[in-house]
Amino acid sequence: MAGKGGTTPATYSPSPATAKKKPPHLKEDWLRPDGRGFHQCRPAFFRTGAVNAASGSAYAEFGNTKVIVSVFGPRESKKAMLYNDTGRLNCNVSLTTFATPVRGQGLDHKEYTAMLHKALEGAIIVESFPKTTVDVFALVLESSGSDLPVIISCASLALADAGIMMYDLVASVSVSCLSKNLVIDPILEEENCQDGSLMIACMPSRYEITQLTVTGEWSTPKINEGMQLCLDACAKLAKIMRLCLKEAASDSQE
Amino acid sequence: MEKIKKRMGLPNASEDLSSEMEVDAFRRLFPLRYFERHLAESIRPDGRPLMKARETSIFLGAVASANGSALVKIGSTTMLTAIKMEVMTPSLESPDEGCIAIDFHMPPICSPIVRPGRPAEASPVVSKQLSDTISSSKMIDLKELSLVSGKAAWMAYLDVYCLDADGALFDAALLSAVAALSHLQIPAVAMNDDGRIIIMSDEEGQKQEPVNKEKRKLTLKSILFSLTCILHKNYILVDPTSEEESIMETHVTIVLDTSGQLISFYKPGGSVLAYTAAIQDCVAISRQRVQELKSILENSAMEVE
């Protein structure tokens, strides 16, 4: 490989991670790379108050997927927009340069930003902070599969930590369809060879869905099965998130 | 709330009001007076003596996918550094040298003053200061990053992310960069038939000899530590918080190596002039701090093992 001379040499990663792996031959005895059962989520870890400079914040870790979300406000709206009596929600998601296996540019993730906004806006009581903006900023420290669901759950926890009024916590989980199998909370390797994916963000106590995305090829019974799997997992996830908030509240009382 | 004008020109008014006002309101309205009252008692609002740095911790290997990484906390200020090694073709002028690219980022999560699309003022300043300090100190021998002379060498991308900004950003950034460099593990690589460098995997047998059999860890010739002090009137405040930095503007940053040798001294202007005595005092405090940081770094390395 001839290098381009000059001041900015082109570099490449020596690891073969760029090559998209071929789907594993899905036999009867196929196992997930991390040894989990098909319907078993990674252990979830949440901690509120990760960033002192923010009004509220949370850190979430699902396996090697690690995310920090900070919430600022309610504060003055910076963008010049039409007058609006209700509050405004502003989201941003970015990745660190070292989040992905091959070094990235560390730019904003426009798609996740839009999706995060849509997943949260239905849960927030915007009438409770009229004429002001609540900023929800997420940084993906390490990306290792199911990034968006982790960002959404973590963001709703950070909003709760900031004391922003919500109808309920938003918990989010995704499933991947790998030929005949449905695997929940997929890791990067599984997402790279999936036939389809389904993601739900919901408010478990109200049994309301704020976001549902389905991509790829799905049969109707598979969609039903996948949705049920996600809803059950969301309910469990919300319990863990609630527990984290309770612990933080009892710690601060002491 | 942030809009309250700092340092209103009403010294007499504050005198009269201070007896009646709530402490928190006084702190917001007259921050400088509030601080000076503490300084006169040789204590800071967070309970620290003037010469005491905040609690510092280092955690090595925080980023699993990186070749070297470290998470550093000084008080609330948090920095995450990761190093990723990539391969480049060395330049014609220095065929036996690799390269190191240092970058400092302040994402919008770290502070209320940073907004998406509008980078913080401090971020390019700290970035430049970091790469200048590390490259001028000869801490790293770039020849150690060479793989095949004239054909391939390492490009080390060192990215520092500020996760929580609460003052003394350069100190925390340098500490995390140095800690990540000390944690760096260089993978064993071989050159394939196309002249590309690939990572050696255990599975494929030992057909090829690694081109970097011995050079798997960087030799850090010296280890750098820094300390930022605020100069205000005759007071020296060590390791300032962001509140202190916003109220008292003159600060000096001193970088020393472990043998106590001065590597760099940085005083970017400010209204307070630094007299020789003050500078000597700052350097003396920095020497103590270097010993403290050195043992914290050594302990964190032992925890990993």
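Residues numbered from 1 in each chain as written. Chains lettered and ligands numbered in written order. Predicted model: local features only at pLDDT ≥ 70, side-chain atom pairs only at ≥ 80, totals over all residues. Heavy atoms only, no water.

Under an unreviewed UniProt entry, the name given to chain B is Ribosomal RNA-processing protein 43, and the organism recorded is Clitoria ternatea. One UniProt comment on chain B, placed under Sequence similarities (unreviewed entry), says "Belongs to the RNase PH family." (UniProt positions renumbered as here; feature names shortened; annotations may be inferred.)

Heading Sequence similarities (unreviewed entry) of the UniProt record for chain A holds this comment: "Belongs to the RNase PH family."

A. Local environment of the overall build of chain B. Secondary structure summary: chain B contains seven helices and 12 strands in total. Within chain B, residue pairs in contact and separated by at least 24 positions form 67% of the contacts whose partners lie at least 6 positions apart. When the accessible surface of chain B is split by element, carbon and sulfur atoms take 52% of a total near 15,100 Å². (Helix = DSSP H or I, 4+ residues; strand = E, 2+ residues; numbered from the N terminus. Contact = heavy atoms within 4.5 Å. Areas by Shrake-Rupley, 256 points an atom, 1.4 Å probe, with all protein chains shown as cover.)

B. Quick look at the nonpolar core. Among the nonpolar cores identified, the biggest contains 67 residues, and F104, M106 and L130 of chain B are the most heavily contacted of them. Of the residues forming this core, the biggest block, 11 residues, is contributed by helix α5 (residues 169–183) of chain B. In this structure, F104 of chain B is in contact with M79, S123, V126, S127, L130, V160, C162 and A173 of chain B, ignoring residues within four places of it in sequence. Listed in part, the 60 residues of the second largest apolar core include F46, I152, I164 and A238 of chain A. (Core = buried A, V, L, I, M, F, W, Y, C linked by side-chain atoms within 4.5 Å. Buried < 20%, exposed > 50% of the residue type's maximum accessible area, 1.4 Å probe, protein only.)

C. A look at the packing of helix α2 (residues 147–161) of chain A against helix α4 (residues 220–253) of chain A. All names here are of chain A. Put simply, α2 and α4 touch, their axes get as near as 11 Å, and they point 30 degrees apart. Classified by the angle between their axes, α2 and α4 sit roughly parallel to one another. In the crossing of α2 with α4, the sense of the turn from one axis to the other is right-handed. Contacts from S153, S156, L157, A160 and D161 of α2 reach α4 at L237, M241, C244 and L245. Here the contact of α2 with α4 is composed, by residue class, of six nonpolar, two polar and one charged. (Axes fitted to C-alpha atoms, helices over the stretch in contact; angles between N-to-C directions. Parallel < 35°, antiparallel > 145°, perpendicular 65-115°, else oblique. Left-handed = near helix turned anticlockwise from the far one by under 90°. Nonpolar A, V, L, I, M, F, W, Y, C, P; charged D, E, K, R; others polar.)

D. Molecular detail of the confidence of the model for chain A. All names here are of chain A. Of all residues in chain A, 90% attain a pLDDT of 70 or more, and the chain-wide mean is 88. Here strand β1 (residues 11–12) is the element of chain A with the lowest mean pLDDT, 86, and α2 is the one with the highest, 97. This stretch, residues 1–7, has a pLDDT under 50; its non-local contacts, to residues over four places away or in other chains, come to five contacts. Overall, residues 17–21 carries pLDDT values under 50, and its contacts beyond four positions in sequence, including any with other chains, amount to five contacts. (pLDDT = per-residue confidence, 0-100.)

E. Broad picture of the side chain of R36 of chain A. Residue and element names in this part refer to chain A. By the element assignment, R36 lies in the loop between β1 and β2 (44–48). Reaching out from R36, the side chain makes a polar contact with the side chain of D34 at a distance of 3.0 Å. At 3.0 Å, the side chain of R36 and the backbone oxygen of Q40 are in polar contact. When residues no more than four places from it in sequence are discounted, the contact partners of R36 are C41, R42, I184, D185, I187 and E190. (Polar contact = N/O pair within 3.5 Å; in protein donor to acceptor, adjacent residues only side chain to side chain.)

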